[in-house]
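Chain by chain, the residues:
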Amino acid sequence: MAEADEVDRIVEDWERERPDLDFAPLQVLSRVARLAKHLDRARKQAFERSELDSWEFDVLSALRRAGAPYRLSPKALLQQTLVSSGTMTNRIDRLVERGLVTRQTDPKDGRGILVEMSAAGLTRVDAAITRLVDAESELLQSLPPAEQRRLSALLRKLSLGFD
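Residues numbered from 1 in each chain as written. Predicted model: local features only at pLDDT ≥ 70, side-chain atom pairs only at ≥ 80, totals over all residues. Heavy atoms only, no water.

### Points about the nonpolar core
Generally speaking, nonpolar side chains in soluble globular proteins are found buried as a group.
Okay, step 1: The biggest cluster of nonpolar side chains holds 23 residues, and the ones touching the most others in it are Leu-60, Leu-63 and Leu-77.
Okay, step 2: When residues of this core are traced back to their parent elements, those giving at least two are helix H2 (24-49), helix H3 (54-65), helix H4 (74-81), helix H5 (85-97), strand E3 (109-117) and helix H6 (119-139).
Okay, step 3: The element contributing the most residues to this core is H3, with six residues.
Okay, step 4: In contact with Leu-63, other than residues within four places in its own chain, are Tyr-70, Arg-71, Leu-72, Leu-77, Val-101, Val-115 and Met-117. (Core = buried A, V, L, I, M, F, W, Y, C linked by side-chain atoms within 4.5 Å. Buried < 20%, exposed > 50% of the residue type's maximum accessible area, 1.4 Å probe, protein only. Helix = DSSP H or I, 4+ residues; strand = E, 2+ residues; numbered from the N terminus. Contact = heavy atoms within 4.5 Å.)

Written out as structure tokens, the structure is:
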């Protein structure tokens with residue numbers, strides 16, 4: 001048997017106390033929850049080192065993934081970041097204040113606006129994604145690439161039911 005972890009110890013105790021229950025879901029999802037805490041910590045550190053909050057990274061990364069000129073409508077940003085309209089307006093205002101984005105008039109619709117990432121925003125988001133990939137690679141270093149791909153496929157299969 002593989003080396004025991006804290007989840008194994010917790011499940012073993014529960015199995016002793018409640019042998020009538022199947023604790024197989026805890027074997028998987030308790031580990032996912034514990035790993036999520038490590039991932040949250042790694043992400044927070046990667047973003048802080050790039051002087052970004054996680055919400056700032058979310059908006060800037062949506063703009064970065066859009067490709068040059070790194071510009072999207074507020075509606076497109078809403079769809080990608082899953083926040084309310086009021087929250088997005090506030091976030092855009094704060095990013096404008098920090099010089100990380102600008103508001104542009106939409107050339108296709110003079111009444112609309114587009115949010116465009118500034119050079120400073122591009123520098124920050126590129127640094128943050130580099131740090132994030134490095135941190136996440138470190139979290140996965142105990143798994144060979146083939147096992148990482150297999151785990152990714154299994155997690156994708158599980159998450160499709162929620163997306």
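### Regarding the pairing of E3
Looking along a regular strand, one sees the side chains alternate between the two faces of the sheet.
Okay, step 1: Here two bridges tie strand E1 (residues 71-72) to E3, and the two strands are oriented antiparallel to one another. For Leu-72, the partnering residue across the bridge sits in E3 and is Val-115.
Okay, step 2: Inspection of the sheet shows strand E2 (residues 101-106) paired to E3 by six bridges, in the antiparallel sense. Bridging from a neighbouring strand, Thr-105 pairs with Ile-113 of E3.
Okay, step 3: Counted between consecutive antiparallel strands, the loop separating E2 from E3 contains two residues. (Pairing = 2+ DSSP bridges.)

### Structural notes on the layout of surface pockets
Okay, step 1: Of the pockets and cavities examined, the largest pocket occupies roughly 1000 Å³.
Okay, step 2: Taken together, 23 residues form the lining of the largest pocket, with Leu-35, Leu-140, Leu-143, Leu-151 and Leu-155 sitting closest to its centre. (1 Å grid on protein atoms, 1.4 Å probe; cavity = no way out; pocket = protein on both sides within 12 Å on 5 of 7 lines; lining within 4 Å. Points joined across faces, edges and corners; volume = space filled by probe spheres on them.)

### Overview of the pattern of salt bridges
Okay, step 1: According to the stated counting rule, one finds 14 salt bridges in the structure shown.
Okay, step 2: In this structure, Asp-8 engages Arg-31 in a salt bridge whose closest nitrogen and oxygen atoms are separated by 2.8 Å. Here the residue Asp-8 occupies a position in helix H1 (residues 6-17), and Arg-31 occupies one in helix H2, the gap between them amounting to 23 residues.
Okay, step 3: With a relative accessible area of 23%, Arg-31 lands in the partly exposed category.
Okay, step 4: A salt bridge links Arg-16 to Glu-17; the nearest nitrogen and oxygen atoms lie 3.1 Å apart. We note that Arg-16, like Glu-17, is exposed.
Okay, step 5: Salt bridges sharing partners connect three or more residues here, namely Asp-5, Asp-8 and Arg-31. (Salt bridge = Lys/Arg side-chain N within 4 Å of Asp/Glu carboxyl O.)

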